[in-house]
Amino acid sequence: MEIPYIVETRADTGLNNVKLGIWLFLASEVMLFGALFSTYIILRVGAPEWPRGELSVIFGAANTIILISSSVTMVMAWASLKMHAWGKHRFYLLVTVGLALFFLVNKFFEYAEHVGKHEIPSYNTFFAIYYTLTGLHGLHIVGGIVVMLYFLGPGAKLAKKNPDQFTNRIEATGLYWHFVDLVWIFLFPVLYLL
Amino acid sequence: MDNVTTHGSVAHGHAHEHAHHEELGFWRKYVFSIDHKVIGIQYAFTGLLFLLFGFTLMMIMRWQMAYPGRPIPLIGAWLGQDRAPMGIMLPEFYNQLGAMHGTIMVFLGVVPLAVGGFGNFVMPLQIGAPDMAFPKLNMVSYWVYFLGGVTMLASFFPHGGAAQSGWTSYPPLAVIAPGQTMWLVGMIFLITSSLLGSVNFITTIVQLRAKGLSWMRLPFFVWAQLVTAFLLLLAFPPLEAAGVLQLMDRVAGTSFFMPSGLVISGKPMLISGNGNPLLWQHLFWFLAHPEVYVLILPAFGIISEIIANNTRKPLWGYKTLVYSVVFLGFMSFIVWAHHMFMTGMGTTMSAFFQTTTMIISIPSVIVLTSLLLSLWGASIRFNPPMLFALAFLPMFAIGGLTGLPLGLAPSDIHLHDTYYVIGHFHYVVAPGTIFALFGGVYYWFPKATGKKMNEMLGYVHFWGSFICINLVFMPMFIQGLGGMNRRMYDGGAQYAHNAGLLKWNLVIGFAAWGLGLLQIPFIINFFGSLKWGKAVDKNPWEATTLEWSAPSPPGHGNFLTDPVVYRGPYEYSVPGAARDFSPQFEA
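Cut-offs applied
- Counting starts from 1 at the beginning of each chain's written sequence and moves along it residue by residue.
- Chains and ligands are labelled by the order in which they are written, letters from A for the one and numbers from 1 for the other.
- Residue-level local features of this predicted model are given only where pLDDT is at least 70; pairs of side-chain atoms are given and counted only at 80 or more, and the full residue set underlies all totals for whole chains, interfaces and linings.
- Based on all heavy atoms of the structure, the side-chain values leave hydrogens and waters out of the count.
- Counting from the N terminus, the helices are the DSSP runs of H or I reaching at least four residues and the strands are the DSSP runs of E reaching at least two.
- In this setup the radius of gyration rests on C-alpha atoms only. A globule is expected at 2.2 Å times the number of residues raised to 0.38.
- Burial status follows relative accessibility: with a 1.4 Å probe on protein chains alone, a residue under 20% of its type maximum counts as buried, one over 50% as exposed, and anything between as partly exposed.
- Should any heavy atoms of two residues lie within 4.5 Å, those residues are counted as being in contact.
- Exposure was quantified through the Shrake-Rupley algorithm and a 1.4 Å probe, taking into account, for residues, occlusion by the shown protein chains and nothing else.
- In summary, the charge assignment counts Lys and Arg as positive and Asp and Glu as negative, without counting His or the chain termini.
- Where a charge lies is defined by one atom per residue type: Lys uses NZ, Arg uses CZ, Asp uses CG and Glu uses CD.
- Each aromatic pair joins two rings of Phe, Tyr and Trp (for Trp, the six-membered one) with centres within 6.5 Å, and gets the label stacked for planes under 30 degrees apart, edge-to-face for over 60, and tilted for any other angle.
- Buried area: the sum, over both parts, of the accessible surface (1.4 Å probe) that disappears when the two are put together.
- Here, a salt bridge means any Lys or Arg side-chain nitrogen found within 4 Å of an Asp or Glu carboxyl oxygen.
- Here a polar contact is recorded for every N or O atom pair within 3.5 Å, except that within protein the pair must consist of a potential hydrogen donor and a potential acceptor, and residues adjacent in sequence are included only if both atoms are side-chain atoms.
- We call Asp, Glu, Lys and Arg charged. Ala, Val, Leu, Ile, Met, Phe, Trp, Tyr, Cys and Pro are nonpolar, and the rest, Gly among them, are polar.
- Throughout, an axis means a line fitted to C-alpha atoms (over the contacting stretch in the case of helices), and angles, computed between N-to-C directions, take values from 0 to 180 degrees.
- Orientation labels follow simple angle bins: below 35 degrees gives roughly parallel, above 145 gives roughly antiparallel, 65 to 115 gives roughly perpendicular, and whatever is left gives oblique.
- It is the rotation of the near helix from the far one that decides the hand of a crossing: anticlockwise by less than a right angle makes it left-handed, clockwise makes it right-handed.
- Using a grid of 1 Å spacing that covers the protein atoms alone, one calls a set of points a cavity when a 1.4 Å probe fits there but cannot get out, and a pocket when the set is open and has protein on both sides within 12 Å along at least five of seven lines; lining residues are those with an atom within 4 Å of a point.
- Grid points are joined across faces, edges and corners, and a volume is the space filled by probe spheres set on the points.

A. Molecular detail of the overall build of chain B. Scanning chain B from terminus to terminus reveals 18 helices and four strands. Taking 2.2 N^0.38 as the reference for a compact globule, 587 residues should give roughly 25 Å; the C-alpha atoms of chain B span a radius of gyration of 24 Å, in line with that estimate. Projecting the C-alpha coordinates of chain B onto the three principal axes gives extents of approximately 80 × 50 × 50 Å. Looking at the 587 residues of chain B, the share that counts as buried comes to 62%. Within chain B, residue pairs in contact and separated by at least 24 positions form 79% of the contacts whose partners lie at least 6 positions apart.

B. Summary view of the overall build of chain A. In terms of helices and strands, chain A carries six helices and zero strands. Element order for chain A, N to C, with α for helix and β for strand: α-α-α-α-α-α. Expressed as a percentage of its 194 residues, the buried residues of chain A come to 50%. Here the contacts in chain A between residues at least 6 apart in sequence split such that 75% fall between residues at least 24 apart. Accessible area for chain A stands at about 9200 Å²; split by element, carbon and sulfur atoms hold 71% of it. When the 13 basic and 12 acidic side-chain charges of chain A are each reduced to a single mean position, those positions are 9 Å apart.

C. Expanded view of the packing of aromatic side chains. Residues and elements named next belong to chain B. Counted according to the given criterion, the structure contains 77 aromatic pairs over all chains. Measuring from centroid to centroid gives 5.9 Å for W63 and W513, while their planes differ by 40°, and the two rings are tilted. Of this pair, W63 sits in helix 3 (residues 36-66) while W513 sits in helix 17 (residues 503-517), and the two are 450 residues apart along the sequence. Accessibility classification places W63 together with W513 in one group, the buried group. Note on F300 and F392: the rings are 6.1 Å apart at their centroids and 85° apart in plane angle, and the pair reads as edge-to-face. Pair noted here: F300 is in helix 9 (residues 277-311) and F392 is in helix 12 (residues 384-401), with a separation of 92 residues, a long-range link. Judged by relative accessible area, F300 falls into the buried class, the value being 1%.

D. Examining the interface of chain A and chain B more closely. In this complex, chain A contributes 35 residues to the contact, which on the side of chain B involves 44 residues. Contact between chain A and chain B buries roughly 3200 Å² in total, counting both sides, with carbon and sulfur atoms accounting for 72%. When the buried surface of chain A facing chain B is broken down by residue, M1, L24 and M31 of chain A rank first, second and third, together holding 23% of it. At the boundary of chain A and chain B, one finds zero salt bridges. At the junction of chain A with chain B, the criterion picks out six residue pairs in polar contact (both at pLDDT 80 or more). Looking at the side of chain A that touches chain B, the elements with two or more residues in it are helix 1 (17-46) and helix 4 (125-152) of chain A. Tallied by class, the residues present in the side of chain A that touches chain B amount to 22 nonpolar, 10 polar and three charged.

E. Up close: the packing of helix 1 of chain A against helix 9 of chain B. The contact between helix 1 of chain A and helix 9 of chain B brings their axes to 11 Å, and the two run at 160°. When the interaxial angle is binned, helix 1 of chain A and helix 9 of chain B end up roughly antiparallel. For the crossing formed where helix 1 of chain A meets helix 9 of chain B, the hand is right-handed. Residue-level inspection shows M31, A35, T39, I42 and L43 of chain A of helix 1 of chain A in contact with helix 9 of chain B, the latter providing L279, L283 and F286 of chain B.

F. Examining the packing of helix 1 of chain A against helix 8 (residues 220-251) of chain B more closely. Put simply, helix 1 of chain A and helix 8 of chain B touch, their axes get as near as 8 Å, and they point 40° apart. Put simply, helix 1 of chain A runs oblique to helix 8 of chain B. Every pair of crossing elements has a handedness; the one defined by helix 1 of chain A and helix 8 of chain B is right-handed. Of the residues in helix 8 of chain B, those in contact with L24, A27, S28, M31, L32, A35, L36 and T39 of chain A of helix 1 of chain A are F230, L233, L234, P237, P238, E240, A241 and L245 of chain B.

G. Seen up close, empty space enclosed by the protein. Residues and elements named next belong to chain B. Per the counting criterion, the structure on display carries five cavities of 30 Å³ or more. Computed from the structure, the largest cavity encloses a volume of approximately 250 Å³. Counting only elements with at least two residues in the lining of the largest cavity, the list comes to helix 4 (91-126), helix 5 (135-154), helix 7 (180-207) and helix 8. Within the lining of the largest cavity, the residues separate by chemical class into 11 nonpolar, 10 polar and one charged.

H. Representation of unusual backbone geometry. All names here are of chain B. For the peptide bond that leads from P171 to P172, omega is 0°, which places it in the cis range. Mapped onto the elements of the fold, P172 is located in the loop between helix 5 and helix 6 (173-176). The residue after S552, namely P553, is reached through a cis peptide bond having omega -10°. At L74, a residue that is not glycine, the phi angle is positive and equals roughly 65°.

Shown next, in the form of structure tokens:
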């Protein structure tokens, strides 16, 4: 027997395995970041004073735009596959990786500036939670880049053997990528603006 | 050739060609396997080894409590100068043993055996699936768990030893005590493994049920595994977050859990402060209370299968069991702070959490009552798996009912942090869950190996363990009610009010060492039966669920024909039927 519903959807659940799997994974991610945001709220409410305006809004806003654009190109990469435009798919996926790297470079300069001013995690609670939240988010970005590079490289072979399965995988990657984007959309106002 | 076709019952079961049986090499077949049955056995075996190791740590601690300050016999000389000079245990080492006993038993022993082992091996077979939905992910789960285990074991060796702040790792102590960093790294491995596993379990159960296997035809074991997987999926990430924060506190010098003005050994701590130690406790128990149900639900599942099979009757109130276990799963997310009545979090919080705690006891009692009523009027087969399942019922009842006074804030003031608590949760997990797990090993051993375990050794193992384990945990209630605190390096001798209670430390000690010896028949039986056990066919227990339609042991892909399900899971002694069991897989 072979494992069923890898590509086709199961009639009574309306899902294939990958789609259910990625949504379950994202549910656990919501709990992970939910716990960290709760930590932020509890520490901030309990603090005698909370520093404001420590971070560069320009950098943060730029990174927000970069990530939202990368979500758009991610959708294009998937949609191109659906329309059987292989070249476009690879172009958009590559652009997504590029934008993700651009985000990380920005983040690196931001970190470097604060570390230069000796604003490191042990400096105060604000910077502790700032580095933890953005660091963990950054690791998720790195994870996304690795997965996308895999689908640009060795993972692309599947597209010839089983194009539908490959499209499903790109769709799952996209769902993950939108989630990472969404986390940043919460992080930006919470850390930079409020 | 096989049961299904000889009974002429599978109407449209056309035999699939098993041409794709290319032989895998040793490494791919037994070590880095992606077959759920091999991974299940790997999990189970590793889990059993960790149970033995974790229990050994406790047997060493029990020496110190029974005979404080006397050299440990046999192994004392081997423990080394920074653990036990001249064989006499140091307090730091005692604390390491305590913290690691808890961690190993829960995260490396019981859960991997109950979920990783039984869940992986039995669940896909019971739902008629060829494998888990994501076989490679399944292999990764096991190996990440293995790495976590190695990290935990290795943490004993660096200078300063293993974690010594209890399995609960409360800060500020956990942030300043040695050994904790490796504990946190190990936990992050274990949590990751659980997450990958739970995604796989839920997807498999939702997607890969065989034709005809509707939700209310699922064996109760599968329901228990499904709810367990949801608990692992949603409760573990907050602990991962908490683990990352504590790691930051230790490694990067942050103060998430460190309050301002902390003075340690007369020196003020040079930290930024403003942290919140209670925050850790909330995040920790947000996982660790659902974790209690992760420990108990698979046990419910296992004994339900064994009881239905050996009473030769349908389970009493199958749907009630299902609804109860789902409700238990929901409720388990909103009871966590009953572990924190004594922290000064306030009476409003306490009132809320003691109410939810009383509510969650209702479905637990319903499950227990249904299983008890299932015995009514049955002609019971008293084989080793059934004895363990039967023993589970009163043992879990004692464990559960002694929990009620702890769940009420007023009585908890007296009982918290005493041996009463230790007695309570060990009755749930040790003679409760671990007995169920032993029952499961005896019950599914024939399916996994094609051989039956020896019954005589099984009886010795059961009765000896049953007597000893009660002698270990029953006196703890007496000690706890008398006010003896837990985590006492000298077994409580330093306090005058414990004077009359110390004799029980000797009783518990000897019972614990006896319990250790009585696991030898099990070990002999386990390995001996692999070689000399009686060979069995597909369905030695005359059971009704799908795993018994596959060969023993099942080959790659599990079933010879696509399984089709015709009826509910526990149709035993159906009036008018030719035999006293009507399997799900026969029309």
